[in-house]
Amino acid sequence: MRRDQLEHAIRTACQIIGHPEVIVVGSQSILGTYREDQLPPQATMSIEVDVLPIADGNEETARLADIIEGVAGEFSPFEELHGFSIDGVDLETAILPDGWRDRLVKVQNRNTAALSGEPQFTGWCLEKEDLCTAKLCALREKDRNFVGALLDAGLVDPTVIRHRLAEVPEPHRDAAERGRLWLTAWLPQP
């Protein structure tokens, strides 16, 4: 995935649901902080963008997510045409630390705007260590590979990630602890 594809996904998702902004919560939110040429290949392998609609309550968020998924999700004509899909997600998709909304990274430029130039849509991407926290709470193989690649490249701070894992709210403390144990085992021992 490339940054211009992320911007295209933001614009498309906003147009599909008729909202001016969305949040990108999956691995491709790293493109809000870094360009694809600054990232290791494992960080941009995914061909899907996980988009969280901004709405009042998770029921409405899930409804909007389903609309996005139906129009631009996996196996859609959108994916066939553009080579990537947009997965609508809800508030229960990612486990995030307290304060994550205050650290979102804004993506807004002419490529996130409608073809006429207006309106200009906004994608809010997870901050890089918040993203790694969510990945370590999920702890699937692809998540471990993603975080490991960013750590190996020196693009994220393991101390900040460890701190964020400690800020994961209940009832997700067990998932955060598994992520912390993986991080501790990954880090070089003194």
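Report follows, based on the coordinates. (Residues numbered from 1 in each chain as written. Predicted model: local features only at pLDDT ≥ 70, side-chain atom pairs only at ≥ 80, totals over all residues. Heavy atoms only, no water.)

A few words on unusual backbone geometry. A cis amide bond links Glu118 with the next residue in sequence, Pro119, at an omega value of -5 degrees. Examined against the element boundaries, Pro119 turns out to sit in the loop between strand E4 (105–107) and strand E5 (122–125). Along the chain, Glu170 connects to Pro171 via a cis peptide bond; the corresponding omega equals 10 degrees. Tracing the sequence through the fold places Pro171 in the loop between helix H6 (158–166) and helix H7 (173–186). Unlike most non-glycine residues, Phe75 shows phi in positive territory, near 70 degrees. Checked against the element boundaries, Phe75 lands in the loop between helix H2 (58–72) and helix H3 (77–82). If you check the backbone angles, Leu139 has positive phi at about 55 degrees while not being a glycine. (Helix = DSSP H or I, 4+ residues; strand = E, 2+ residues; numbered from the N terminus.)

Let's shift gears to the nonpolar core. Note on soluble globular proteins: their nonpolar side chains tend to be buried together. Membership of the largest hydrophobic core comes to 55 residues, with the highest contact counts inside it found for Ile86 and Leu150. Contributions of two or more residues to this core are made by helix H1 (3–17), strand E1 (21–24), strand E2 (48–53), H2, helix H4 (128–138), helix H5 (141–152), H6 and H7. Here this core gets 6 residues from one element, more than from any other, and that element is H1. Apart from the residues lying within four places of it in its own chain, the contact partners of Leu150 are Ile30, Leu39, Pro40, Ala43, Cys132, Leu155 and Val156. (Core = buried A, V, L, I, M, F, W, Y, C linked by side-chain atoms within 4.5 Å. Buried < 20%, exposed > 50% of the residue type's maximum accessible area, 1.4 Å probe, protein only. Contact = heavy atoms within 4.5 Å.)

Under the definition given, this model contains 11 salt bridges. A salt bridge links Asp143 to Lys135; the nearest nitrogen and oxygen atoms lie 3.1 Å apart. Classification of Asp143 as buried rests on a relative accessible area of 0%. Under the relative-accessibility criterion, Lys135 is labelled buried at 11%. Members of the salt-bridge network, linked through shared partners, are Arg103, Glu127, Asp130 and Arg164. (Salt bridge = Lys/Arg side-chain N within 4 Å of Asp/Glu carboxyl O.)

Take the pairing of E1 next. Residues in a regular strand point their side chains to alternate faces of the sheet. Strand direction decides the pairing type here: E1 and E5, joined by 4 bridges, are parallel. Each residue of the ladder has a partner; that of Ile23, found in E5, is Trp124. As defined by bridge partners, E1 adjoins E2 across 3 bridges and the pair is classed as antiparallel. When the bridges of E2 are listed, Val24 appears paired with Val51. (Pairing = 2+ DSSP bridges.)

All right, on to H5 then. Look at H5: 16 Å from first C-alpha to last across 12 residues, which is about the 16 Å you get at 1.5 Å a residue. Those residues of H5 lying buried are Asp143, Phe146, Val147, Gly148, Ala149, Leu150 and Leu151. Buried residues belonging to H5 abut H4, H6 and H7. (Expected span 1.5 Å × (residues − 1).)

For the coordinates displayed, the defined rule picks out 1 aromatic pair. Measuring from centroid to centroid gives 5.3 Å for Phe78 and Phe84, while their planes differ by 90 degrees, and the two rings are edge-to-face. The same class applies to Phe78 as to Phe84, namely buried. Residue placement shows Lys135 over the ring face of Phe146; its charged tip is 5.5 Å from the ring centre. (Phe/Tyr/Trp six-rings, centres within 6.5 Å; stacked < 30°, edge-to-face > 60°. Lys NZ or Arg CZ within 6 Å of the ring centre and 35° of its normal.)

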